[in-house]
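# Coordinates in review
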Amino acid sequence: MVMKRNEHVNIRKVAKLAGVSTATVSRSINQPQMVSPETRARVIDAINKTGYVAKKTPRDKKHHSSLLLFIFDEADYRFYEEMFYGFDAILGEQDAAVLYCPISPDDNRADAQLFSLLNNDIAGIIFALRDFHFDFVTQCRKRHIPIVFARKYSYSESAYPRCYTDFEVGSYRMTKYLLSLNHRKINLMVEKASLQFVESFCAGWRRAYFENGIDFSDDWIVHTINDMEGGYRKALEIFQTGEKPDAFFCASNEMAFGILRAARHSGIAVPKELSITGFTDSPIAKLAEPPLTTLEQPIRQLGAVLIRTLLDLIHSKSYAQFPHQEIVLQPHLCVRGSSGEHKNTT
């Protein structure tokens, strides 16, 4: 039997009964094609049992979309996993859903994916692609779709609000820490895939050397594929030349795990003979042997700030009425067993 509709029941009660998040309840109601039939059936059953009534927006009588897009690179899915919890914490009981849109690394495929998204009825966009897509952002502006940037995008218009973690500061702090341990040759390992990220990552590394008055060479910047195999193969290649650095600072934990494996296979003791550090903290970093020194990126907090900023922008009706915002969150060092003081044996 279907229970009489009860306006005092909130979306959280429905979510708890169905065993899903509040965002999934919202998607089941507003974008049923975005959830599996089994999940939607559980949600509908919970709605019927509780008598839940979805809240109507009071702004006007016209239809308003509740679909928010989070657009990011496929390769960054793990990096942004914690952000999803930040989204959900802010959306709470609001009748809005976030559609996660991982974009292909292939330029032609990426363009097709991006412009196909504009066929949807979109309330707003959080844009986190590694590189800026001027044509797509321009189309969003022409269609009056609110957009918030999740990266710095130095070359974009300042009119757009942006909230991001400062990759340059993170790189600077890790390099400064390694230099304080008497490491002098620090190889920077990064995938040559995003000009914006590579520039920020390398700038922080260079700044630490400059400020400490220590000589360095851009030849110490090495490029490889952003995964464990890439880190493993590149490290072996370097070890075989006899040009082992004092430390590796990697743009991802996956690369760092690969170097740890290569060091074991080469009989190099970590951290006694080589320090290895990553760039994004994760539970698996603590399980590495030795545990990986890395940077804690405030990704969950970033998700909450981004969603709150986007909702404020949507409600403000226009960029002209919305004050320019640039919110920068800072990463923090997580020092563990993979880094230690360099012993000069010469």
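So, here's what we can say about the structure.

Definitions and limits used
Residues numbered from 1 in each chain as written. Predicted model: local features only at pLDDT ≥ 70, side-chain atom pairs only at ≥ 80, totals over all residues. Heavy atoms only, no water. Helix = DSSP H or I, 4+ residues; strand = E, 2+ residues; numbered from the N terminus. Buried < 20%, exposed > 50% of the residue type's maximum accessible area, 1.4 Å probe, protein only. Contact = heavy atoms within 4.5 Å. Areas by Shrake-Rupley, 256 points an atom, 1.4 Å probe, with all protein chains shown as cover. Pairing = 2+ DSSP bridges. Axes fitted to C-alpha atoms, helices over the stretch in contact; angles between N-to-C directions. Patch = residues over 30% accessible without salt bridge, like charges linked within 9 Å, V, L, I, M, F, W, Y side chains within 5 Å. Salt bridge = Lys/Arg side-chain N within 4 Å of Asp/Glu carboxyl O. Lys, Arg positive; Asp, Glu negative; His and termini not counted. Charge placed at Lys NZ, Arg CZ, Asp CG, Glu CD. Core = buried A, V, L, I, M, F, W, Y, C linked by side-chain atoms within 4.5 Å.

## Section: the overall build of the protein chain
- For the protein chain, the helix and strand inventory stands at 13 helices and 12 strands.
- Across the 346 residues of the protein chain, 52% fall into the buried class.
- Considering only intrachain contacts with a sequence separation of at least 6, the fraction spanning at least 24 residues in the protein chain is 71%.
- Working note: accessible area of the protein chain is about 17,400 Å², and carbon and sulfur atoms make up 51% of it.

## Structural notes on the sheet that holds strand β9 (residues 275-277)
- Sheet architecture is open: 4 strands sit in the order β7-β6-β8-β9, paired in parallel fashion. At either margin of the open sheet sits one strand with a lone partner, and together these are β7 (221-223) and β9. Averaged over all pairs of adjacent strands, the angle between strand axes in this sheet comes to 20°, irrespective of strand direction.
- Inspection of the sheet shows strand β6 (residues 186-190) paired to β7 by 3 bridges, in the parallel sense. Residue pairing for β7: V190 is matched across the bridge by H223.

## Here we look at a negative patch on the surface
- Together, D106, D107, D111, D131 and D135 make up a negatively charged patch on the protein surface.
- The residue D106 is located in the loop between β2 (97-103) and α6 (107-117) in this model.

## Comments concerning the nonpolar core
- Core analysis: the largest hydrophobic core is formed by 52 residues, its most contacted members being L68, F70 and F249.
- Put simply, the parts of the chain that give this core at least two residues each are β1 (67-73), α4 (77-80), α5 (83-91), α8 (167-180), β6, α9 (195-212), β8 (247-250) and α13 (299-316).
- Counting residues per element, this core draws most heavily on α13, at 9 residues.
- Apart from residues lying up to four places away in sequence, F70 is in contact with Y80, M83, F84, F87, V98, L99, Y100, C101, I126 and A128.
- Of all hydrophobic cores here, the second largest spans 23 residues; its members include A235, A256, I259 and L274.

## Let's talk about the environment of I90
- Mapped onto the fold, I90 is located in helix α5.
- Spatially, the C-alpha atoms of I90 and I307 are 6.9 Å apart, while their sequence positions differ by 217 residues.
- Those residues in contact with I90, other than ones at most four positions away along the chain, are A304, I307, R308 and L311.

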